Amino acid sequence: MAVFQIALPPRQREYETIYLMRPDVTKESAGKIANRIDDVVKREGGKLTLVETWGRRQLSYTVRRCKRAVYVYFKYVGGSGLVAELERNLRMLDDIIKFQTVMINPEIDLTEYKVDPNAVQFEELDLPEDVEDDKALERALGFIEPQKHARNADAYTDDDIENISDDDIPDLNNAKDGES
Amino acid sequence: MDRDMDRDNAGAFRRARRRGCPFCGDEVVTIDYKDPQALRYFVTERGKIVPRRISGVCAKHQRELTNAIKRARNIALMPFTSNE
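Residues numbered from 1 in each chain as written. Chains lettered and ligands numbered in written order. Predicted model: local features only at pLDDT ≥ 70, side-chain atom pairs only at ≥ 80, totals over all residues.

Novice: It is not clear to me how the overall build of chain B should be interpreted in this structure. Could you clarify?
Specialist: Regarding its fold elements, chain B presents five helices and zero strands. Reading the helices (α) and strands (β) of chain B from amino to carboxyl end gives α-α-α-α-α. Looking at chain B as a whole, 18% of its 84 residues qualify as buried. Across chain B, contacts joining residues at least 24 apart in sequence account for 67% of those joining residues at least 6 apart. (Helix = DSSP H or I, 4+ residues; strand = E, 2+ residues; numbered from the N terminus. Buried ≥ 20, exposed ≤ 12 C-beta atoms within 10 Å, placed from the backbone. Contact = placed C-beta atoms within 7 Å.)

Novice: Sorry, what's going on with the overall build of chain A here?
Specialist: Helix and strand content of chain A: six helices and four strands. Secondary structure elements in chain A, listed N-terminal to C-terminal, are β-α-β-β-α-β-α-α-α-α. Per-residue burial for chain A yields a buried fraction of 16% across its 180 residues.

Novice: How should I be thinking about the interface of chain A and chain B in this particular structure?
Specialist: By a widespread convention, an interface's size corresponds to the accessible area lost as its parts come together. Of the residues lining the interface, nine residues belong to chain A; the matching set on chain B comes to eight residues. At the level of elements, strand 1 (13-21), strand 2 (47-63) and strand 4 (96-105) of chain A are the ones that each hand at least two residues to the side of chain A that touches chain B. A per-element tally of the side of chain A that touches chain B places strand 2 of chain A first, with four residues. Residue classes in the side of chain A that touches chain B are distributed as six nonpolar, two polar and one charged. (Nonpolar A, V, L, I, M, F, W, Y, C, P; charged D, E, K, R; others polar.)

Novice: In this structure, what is going on with helix 1 (residues 27-43) of chain A? I would like to understand it.
Specialist: Turn by turn, an α-helix covers 3.6 residues, leaving residues three or four places apart pointing in a common direction. Residues and elements named next belong to chain A. Between its first and last C-alpha, helix 1 extends 24 Å over 17 residues, near the 24 Å set by a 1.5 Å rise per residue. Of the positions making up helix 1, those classed as buried are A30, I33, I37 and V41. When helix 1 is viewed along its axis, its buried side chains cluster within an angular range of 65° and face the same direction. The exposed residues of helix 1 that point more than 90 degrees off its buried face are E28, N35, D39, K42 and R43. Tucked inside the fold, the buried residues of helix 1 contact strand 1, strand 2, strand 3 (66-78), helix 2 (80-92) and strand 4. Positioned one or two residues after helix 1, G45 has a phi angle of 75°, which is positive. (Expected span 1.5 Å × (residues − 1). Arc of directions from axis to C-beta.)

Novice: For this particular structure, what's the right way to read the sheet that holds strand 3 of chain A?
Specialist: Strand-to-strand pairing in sheets goes through backbone hydrogen bonds, with the strands running parallel or antiparallel. Residue and element names in this part refer to chain A. One open sheet holds the four strands; their spatial order is 2-3-1-4, and the pairing between them is antiparallel. Single-partner strands in this sheet number two, and they are strand 2 and strand 4. Ignoring which end each strand starts from, the neighbouring axes of this sheet average 20° apart. Across the face of the sheet, helix 1 comes into contact with strand 1, strand 2, strand 3 and strand 4 while running at roughly 135° to strand 2. (Pairing = 2+ DSSP bridges. Axes fitted to C-alpha atoms, helices over the stretch in contact; angles between N-to-C directions.)

Novice: What is the right way to look at the confidence of the model for chain B in this model?
Specialist: A low pLDDT means the predicted coordinates there should not be read in detail. All names here are of chain B. When pLDDT is averaged along chain B, the result is 82; 77% of the residues meet or exceed 70. Per-element averaging of pLDDT across chain B places helix 1 (residues 2-14) at the bottom with 53 and helix 5 (residues 59-74) at the top with 95. The complex model carries a pTM of 0.71, and its ipTM stands at 0.75. (pLDDT = per-residue confidence, 0-100.)

So, in structure tokens, the structure goes:
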């Protein structure tokens, strides 16, 4: 019995992936990750349809000792092998602490799909330096010494404070009367 | 006497108007795991999913909601549990 095999093009599905990078990730490292994702998607015959950088966000629970992380979200169309390959790559990168892929559309027709070329560019990461204060709670509760203000800490030493004479201290009561 | 009053009050409490599913009537409101602010309404302060007998969500949407909350938890947008 003759068996006819018809070569169908692989089924295209739409997926979305969110990955979390360490809060102190450098611009170069984030760029490398973005390039790698771009390469993998192209190599596996997929197509990026949307990329969004959500920026540094507070996590609901600590992940690999990080309380905050940089969120990046992207949507793409591809076959079944693409997700596996992409996740394998994401797992290898040290700056990525977590990721999740969700299938949004099990069957998609690419001919009817319009993609904005500007929307598929990974944004260059330009975030202010992460100043994570791990002891904020202890400080607020008074268990440890309150943080000195940087300006005051530089301006005065303990000797200066001891050497202050009465003349240096303005008489606030009189000044108040005079000004008002 | 007291017992009668209690029973009356309890009856009045039980007869509170039941609200319909918030997602069935309004097509605009969607369930999305990427929007934890909207999902927060359907979890307790501790982070547990509110049962549908309390929230009044229909079975179909409760299933979607549960899925969305679990996805949001997995990507650290929502807590698994919270002691605050």
